[in-house]
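Structural overview for review
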2 protein chains.
Amino acid sequence: MEKPAALDELIQALRCLPGVGPKSAQRMAYHLLQRDQQGAGRLARGLTDALERIRHCARCNTFTESEVCSLCASPRRDASLLCVVESPGDLLMMEQTQSYAGLYFVLLGRLSPLDGVGPREIHLDRLVRRACDDVVKEVILATNFTVEGEATAHYIGELLSAKGLKVTRIARGLPVGGELEHVDSGTLAQAVLERRPA
Amino acid sequence: MEKPAALDELIQALRCLPGVGPKSAQRMAYHLLQRDQQGAGRLARGLTDALERIRHCARCNTFTESEVCSLCASPRRDASLLCVVESPGDLLMMEQTQSYAGLYFVLLGRLSPLDGVGPREIHLDRLVRRACDDVVKEVILATNFTVEGEATAHYIGELLSAKGLKVTRIARGLPVGGELEHVDSGTLAQAVLERRPA
C-alpha cells in the first residue's frame, strides 16, 4: 500500500527524535493523526516557536530567549565560581542537582580534532576572557568523562592554570548507592586511584 | 533555574507523543535544539503539512490526500472482500502482512456505549450500504480482540448476516486483549488465513 506522501514525510521527520526508529515513528504518526491532532498542532507550533525564539546567552551560551540568560542575570548566584560544561543539556543536569550556586560557561561542543573541532569552535578565547574577569576565583571543569571530554578538560585546565586561576575537575568514582559488584572495572580502578581521606 | 518559556512549552508539547514522559521529552527538546535544528524544522513542517493535507477516504475512511485512497481506487484489489478494521493504523498492519488483497472499511472507532460511541459514531449505516453493493461477497471482521472490539465485531456480524452476507472473523491467533497495532505480522497473517464464520 502507498501511504499518503504527507504521512510518509511525517514518519520520516519523526525519526529526527533521539531513540525513535522506523516502527516508533510510524506508531507516533498514526497516533497523532488518529487520536491527537490538537497535540500535533501544538507540537508543530512549539517547534517553530522554539526555533525562532531560542538563542544562546551572550555570556554563557546556554539557551535563552533574552540577550543574557536568567542564570547569568541573577544576583543570587555566586559569581566567583564558574562551571564549564559541554552543552545546555549538561547545564540543566547540574542545576537539577540543586547543589551548585555558581555560574556557567557552555562550550557547545568538545575538542575533537578529527571532526575539525578545535579551541576556536568551542569558544575558548571567550572562555578565557570570561574566566579572567577578576571576579571568578575557581573554574570547575564538568565536561563528560569520555575521551574527548577528558581531553577538553585537560586542555582548558592547562590554559586557565597558566593565567593563575584555580581549576578543579568534578570527581570520578562510584555512583551514589553504587555497588562494587555492578560497576565497571575502569570506574572502580579510577575510584581507588583517586581515593581521599575517609 | 527557569528554562526559557519556548523551551518549556516545547518539552510539554513533545509529551503528546505516545510513550514519551517528562524525562524523554526534555532529552528530545535539548537534542533538537543542540544538534538537529534542521530536523526540528522538518518535523514542524511535516506535522503542519500532514494536518492540512491528510483527510479520510470517502469510501473506506482511511488516511489519504485525495477524495478516494489509493487502495479503494486500485483495480488490482479483490472488491468481493471487505475487511472491517478500527483505525487507519490497523489497516496499515493488515497491509504489511501482504496476505490480504481485498478492500477495507475503517470504523474510526469501536462501539463503546459508556463513552457515548454507538453505531452512528462508527458509521455503521455507511458500512451497511458499502457492504450491500452487490459486489462484496464476504465481510471480514478485523476489529481488535479487546472487549469493545469483540462487541463491535459481534454487533456488525449480526447486522450484516441479517442482510444475507457472508461474515467472518479473523482467527483468535492473537492473544486475548491484544491489539493489531502491537502484534507481529506473521501472527496477524495466520489470523487472516484462519478466519471463521462469525
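The structure contained in this document is the topic of the report that follows. (Residues numbered from 1 in each chain as written. Chains lettered and ligands numbered in written order. Predicted model: local features only at pLDDT ≥ 70, side-chain atom pairs only at ≥ 80, totals over all residues. Heavy atoms only, no water.)

**Considering helix H2 (residues 22-35) of chain B**
With 14 residues, H2 of chain B ought to run about 20 Å at 1.5 Å a step, and its terminal C-alpha atoms sit 20 Å apart, in line with that. All buried positions along H2 of chain B are accounted for by Ala25, Gln26, Met28, Ala29, Tyr30, Leu32 and Leu33 of chain B. As for H2 of chain B, its buried residues are in contact with helix H3 (37-53), strand S2 (63-64) and helix H5 (88-96) of chain A together with helix H1 (5-14) and helix H3 (37-53) of chain B. (Helix = DSSP H or I, 4+ residues; strand = E, 2+ residues; numbered from the N terminus. Expected span 1.5 Å × (residues − 1). Buried < 20%, exposed > 50% of the residue type's maximum accessible area, 1.4 Å probe, protein only. Contact = heavy atoms within 4.5 Å.)

**Looking at the sheet that holds strand S6 (residues 166-169) of chain A**
In a beta sheet, neighbouring strands pair by backbone hydrogen bonds and run either parallel or antiparallel. All names here are of chain A. Reading across from one edge, S4-S3-S5-S6 is the order of the four strands in this open sheet, with parallel pairing throughout. One side of each edge strand has no neighbouring strand; the edge strands of this open sheet are strand S4 (102-106) and S6. Strand-to-strand twist in this sheet, taken as the mean axis angle between neighbours without regard to direction, amounts to 25 degrees. As paired elements, strand S5 (residues 138-141) and S6 share four bridges and run parallel to each other. Residue pairing across strands places Leu141 opposite Arg169, the latter belonging to S6. Packing of H5 onto the sheet brings it into contact with strand S3 (78-85) and S4, and relative to S4 it is tilted by some 160 degrees. (Pairing = 2+ DSSP bridges. Axes fitted to C-alpha atoms, helices over the stretch in contact; angles between N-to-C directions.)

**So, the interface of chain B and chain A**
Across the contact, 56 residues belong to chain B and 54 residues belong to chain A. Buried surface at the junction of chain B and chain A, both sides included, amounts to about 5000 Å², of which 71% is carbon and sulfur. Here Arg42 of chain A and Glu9 of chain B are joined by a salt bridge, their closest N and O atoms 2.9 Å apart. Counting the contacts that link chain B with chain A gives 10 residue pairs in polar contact (both at pLDDT 80 or more). In terms of residue count, the dominant contributor to the side of chain B that touches chain A is H3 of chain B (14 residues). Its residues placed into classes, the side of chain B that touches chain A shows 29 nonpolar, 15 polar and 12 charged. (Buried area = accessible area lost by both parts, 1.4 Å probe. Salt bridge = Lys/Arg side-chain N within 4 Å of Asp/Glu carboxyl O. Polar contact = N/O pair within 3.5 Å; in protein donor to acceptor, adjacent residues only side chain to side chain. Nonpolar A, V, L, I, M, F, W, Y, C, P; charged D, E, K, R; others polar.)

**Notes on the pattern of salt bridges**
Going through the model one piece at a time under the given rule, you end up with 20 salt bridges over all chains. For Lys166 of chain A, the salt bridge goes to Glu138 of chain A, with nearest N and O atoms at 3.6 Å. With a gap of 28 residues between them, Lys166 of chain A in strand S6 and Glu138 of chain A in strand S5 connect regions that are remote in the sequence. Ionic pairing is found between Arg169 of chain B and Glu150 of chain B, a salt bridge with its closest N-O pair at 2.9 Å. With a gap of 19 residues between them, Arg169 of chain B in strand S6 (residues 166-169) and Glu150 of chain B in helix H7 (residues 147-161) connect regions that are remote in the sequence. Here the salt bridges do not stand alone but share partners, grouping Glu150, Arg169, Arg172 and Glu194 of chain A into one network.

**Side note on the nonpolar core**
Counting 46 residues, the largest nonpolar core has Leu17 of chain A together with Leu17 of chain B as its most contacted members. Counting only elements with at least two residues in this core, the list comes to helix H1 (5-14), helix H2 (22-35) and H3 of chain A together with H1, H2 and H3 of chain B. Once residues within four sequence positions are removed from consideration, Leu17 of chain A is found in contact with Met28 of chain A together with Leu14, Leu17, Met28, Leu32 and Leu43 of chain B. In this structure, Cys72, Cys83, Val85 and Phe145 of chain B belong to the second largest nonpolar core, which totals 23 residues. (Core = buried A, V, L, I, M, F, W, Y, C linked by side-chain atoms within 4.5 Å.)

**Quick look at the packing of helix H6 (residues 124-131) of chain A against helix H7 (residues 147-161) of chain A**
Residue and element names in this part refer to chain A. Between H6 and H7, the least distance of the axes is 11 Å, while the angle of their chain directions is 45 degrees. Here H6 is positioned oblique relative to H7, judged by the angle of their axes. Considering the relative orientation of H6 and H7, their crossing is right-handed. Note on element contacts: H7 touches H6 through Tyr155, Ile156, Leu159 and Leu160, opposite Leu124, Leu127, Val128 and Ala131. Taken together, the residues of the contact of H6 with H7 sort by class into eight nonpolar, no polar and no charged. (Parallel < 35°, antiparallel > 145°, perpendicular 65-115°, else oblique. Left-handed = near helix turned anticlockwise from the far one by under 90°.)

**Description of the side chain of Asp90 of chain B**
Tracing the sequence through the fold places Asp90 of chain B in helix H5 (residues 88-96). At 6.3 Å, Arg35 of chain A is the nearest oppositely charged side chain to Asp90 of chain B, a buried residue that forms no salt bridge. In contact with Asp90 of chain B, not counting residues within four places along its chain, are Val85, Asn144, Leu180 and Glu181 of chain B. (Lys, Arg positive; Asp, Glu negative; His and termini not counted.)

**Some points on the layout of surface pockets**
Put simply, the largest pocket is a space of about 240 Å³. For the largest pocket, the full set of lining residues is Ser87, Gly89, Asp90, Leu92 and Met93 of chain A together with Lys23, Gln26, Arg27, Tyr30, His31, Gln34 and Arg35 of chain B. For the lining of the largest pocket, the secondary structure elements donating two or more residues are H5 of chain A together with H2 of chain B. Per-element accounting of the lining of the largest pocket gives the leading share, seven residues, to H2 of chain B. Across the lining of the largest pocket, the residue classes break down as three nonpolar, five polar and four charged. (1 Å grid on protein atoms, 1.4 Å probe; cavity = no way out; pocket = protein on both sides within 12 Å on 5 of 7 lines; lining within 4 Å. Points joined across faces, edges and corners; volume = space filled by probe spheres on them.)

By themselves, these observations are geometric and do not establish any function.
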